[in-house]
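Examining the three-dimensional arrangement
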Amino acid sequence: MRVITGVARGKRLITLEGNDVRPTTDRVKEAIFSVLQFRLEGRRFLDLFAGSGQMGIEAISRGAKEAVFVDSSKKALKVIGENISNCGFEEKAKVVNGSAKGFLSMNKEKFDIAFLDPPYGQGIIDEILPLVCKNMKETGIILCEHPVDEKIVEKCCNFSLDREYRYGKIKVSSFCYEEKIE
């Protein structure tokens, strides 16, 4: 796993080991950041269920002002910290130890972009999306990675499903503020 482009281009990232780990593939990551390419510069990025932190690190590398990494696993937090340090992004990164629900309930600052990649097959996206929406700017975009066969809501608060992208067995669904959908 590596940073694809930007100031940390080519930096190797470490990941967690085990059967429960499912890092976003380079193919999917590249596609996601192609969608975001003109929306990253100077923005706040939320990497929810961060795992290795690769998505937030890629966002910083491509110009995001700040990334917040949220994960409840102590092992994941250690890996995220090492990856941030390896890329020299300590001043632009905030790592939060806790549940997604807990963080979103306490957070006071709004995000421009949120990336959610929760454990598959547990209905977590539908459960957590209302809290994510409350933490987003009206100009924001929410991206959810999930299996192709997992049906998720099409509308949540003032955000609606805008587009869906399919990459083999993976689907990425993007949500935008209703008034911003063209």
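One can find the structure itself at the top, above this paragraph.
A brief look at the structure comes next. (Residues numbered from 1 in each chain as written. Predicted model: local features only at pLDDT ≥ 70, side-chain atom pairs only at ≥ 80, totals over all residues. Heavy atoms only, no water.)

The helix and strand inventory of the chain stands at five helices and eight strands. Listed by position from the N terminus, the elements making up the chain come as α-β-α-β-α-β-α-β-α-β-β-β-β. The globule rule puts the C-alpha radius of gyration for 182 residues at 16 Å, and the 15 Å found for the chain is close to it. Overall size of the chain, expressed as C-alpha extent along the three principal axes, is 40 × 35 × 35 Å. Taken over 182 residues, the chain has a buried fraction of 49%. Sequence separation of 24 or more characterises 62% of the internal contacts of the chain that already satisfy a separation of 6 or more. (Helix = DSSP H or I, 4+ residues; strand = E, 2+ residues; numbered from the N terminus. Rg over C-alpha atoms; globule rule 2.2 N^0.38 Å. Buried < 20%, exposed > 50% of the residue type's maximum accessible area, 1.4 Å probe, protein only. Contact = heavy atoms within 4.5 Å.)

Turning our attention to the pattern of salt bridges. Following the criterion strictly, the structure yields 10 salt bridges and no others. Residue Lys78 pairs with Glu82 through a salt bridge whose shortest N-O separation is 2.7 Å. Here Glu82 and Lys78 lie together in helix α3 (residues 74-87), a separation of four residues that amounts to about one turn. Salt-bridge contacts for Glu164 lead to Lys171; the nearest nitrogen and oxygen are separated by 3.8 Å. Note on Lys171: relative accessible area 17%, which makes it buried. (Salt bridge = Lys/Arg side-chain N within 4 Å of Asp/Glu carboxyl O.)

Of all the eight residues making up helix α2 (residues 54-61), eight are buried; the element is thus mostly covered by neighbouring parts of the structure. Among all positions of α2, only Gln54, Met55, Gly56, Ile57, Glu58, Ala59, Ile60 and Ser61 are buried. If you follow the buried residues of α2, they end up packed against α1 (26-36), β1 (44-48), β2 (66-71), α3, β3 (93-97) and β4 (111-116). In the segment just after α2, Gly63 is the residue with positive phi, at about 115°.

Turning to the environment of Glu138, a few remarks are in order. Along the chain, the position of Glu138 falls in strand β5 (residues 136-147). Sequence spacing of Glu138 and Phe33 is 105 residues, and the spatial spacing of their C-alpha atoms is 20 Å.

The tally for this structure, following the rule as stated, stands at three aromatic pairs. Look at Phe103 and Phe111: their rings are 6.3 Å apart centre to centre, the planes differ by 55°, and that puts the pair in the tilted class. Lying over the aromatic face of Phe111, Arg44 brings its terminal NZ or CZ to 4.3 Å of the ring centre. (Phe/Tyr/Trp six-rings, centres within 6.5 Å; stacked < 30°, edge-to-face > 60°. Lys NZ or Arg CZ within 6 Å of the ring centre and 35° of its normal.)

Just geometry here; none of it tells us what the structure is for.
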